[in-house]
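Architecture at a glance
Spelled out from the first residue to the last, the chains are:
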Amino acid sequence: MSDEKKAAYRRLEEAIEEACRLEGYEGVPIEWMVIAVSQRFDEDGDGITQVGTLLPDGGGQIPYHRVMGLVDFVQARMRAEAARDGD
């Protein structure tokens, strides 16, 4: 990984830690992921959507089952919140 990319991931992790602190989280974030979506248009004007994930240190050290478990857990919580909002 390039020095520039390492520095960007370090800043991202610092920003996540700061946002968590400001949101009232206690302790140190031990796992995180960012889901990013970008939109662009090709030369014909057709929209192209790209979805990706950002993981600590580029993600190479986190097993898929841990990442997928984190996503599944968040989805379950969001579905429960959406169900409560619909009442």
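About the cut-offs
- Residues numbered from 1 in each chain as written.
- Predicted model: local features only at pLDDT ≥ 70, side-chain atom pairs only at ≥ 80, totals over all residues.
- Heavy atoms only, no water.
- Helix = DSSP H or I, 4+ residues; strand = E, 2+ residues; numbered from the N terminus.
- Expected span 1.5 Å × (residues − 1).
- Buried < 20%, exposed > 50% of the residue type's maximum accessible area, 1.4 Å probe, protein only.
- Contact = heavy atoms within 4.5 Å.
- Salt bridge = Lys/Arg side-chain N within 4 Å of Asp/Glu carboxyl O.
- Pairing = 2+ DSSP bridges.

The next subject is helix 1 (residues 3-22). For helix 1, spanning 20 residues, the distance from its first C-alpha to its last is 29 Å, which sits close to the expected 28 Å at 1.5 Å a residue. Turning to helix 1, its buried residues number three or more, namely Ala7, Tyr9, Ile16 and Cys20. Elements in contact with the buried residues of helix 1: strand 1 (34-41) and strand 2 (47-54). Directly beyond the C-terminal end of helix 1, a positive phi value near 95 degrees is found at Gly24.

It is worth spelling out the pattern of salt bridges at this point. Two side chains bearing opposite charge may form a pair once their charged atoms approach each other closely. Summed over the entire model, instances satisfying the criterion amount to two salt bridges. The partner of Glu18 in a salt bridge is Arg21, and the shortest N-O contact between them spans 2.8 Å. Remark: Arg21 and Glu18 occur in helix 1; sequence separation between them is three residues, near one turn of the helix. Taking the shortest distance from any N to any O, the salt bridge between Glu31 and Arg66 comes out at 2.2 Å.

Turning our eyes to something else, we now look at the environment of Ala83. Within the secondary structure, Ala83 sits in helix 2 (residues 64-85). With relative accessibility at 47%, the residue Ala83 sits in the partly exposed group. Separated by 55 residues in the primary sequence, Ala83 and Val28 have C-alpha atoms spaced 30 Å apart.

Moving on: the pairing of strand 1. Side-chain positions along a regular strand alternate between the two faces of the sheet. Pairing between strand 1 and strand 2: eight bridges, direction antiparallel. Each residue of the ladder has a partner; that of Gln39, found in strand 2, is Thr49. Linking two consecutive strands that pair antiparallel, namely strand 1 and strand 2, is a turn of five residues; a positive phi of about 85 degrees is found at Gly45 within it.

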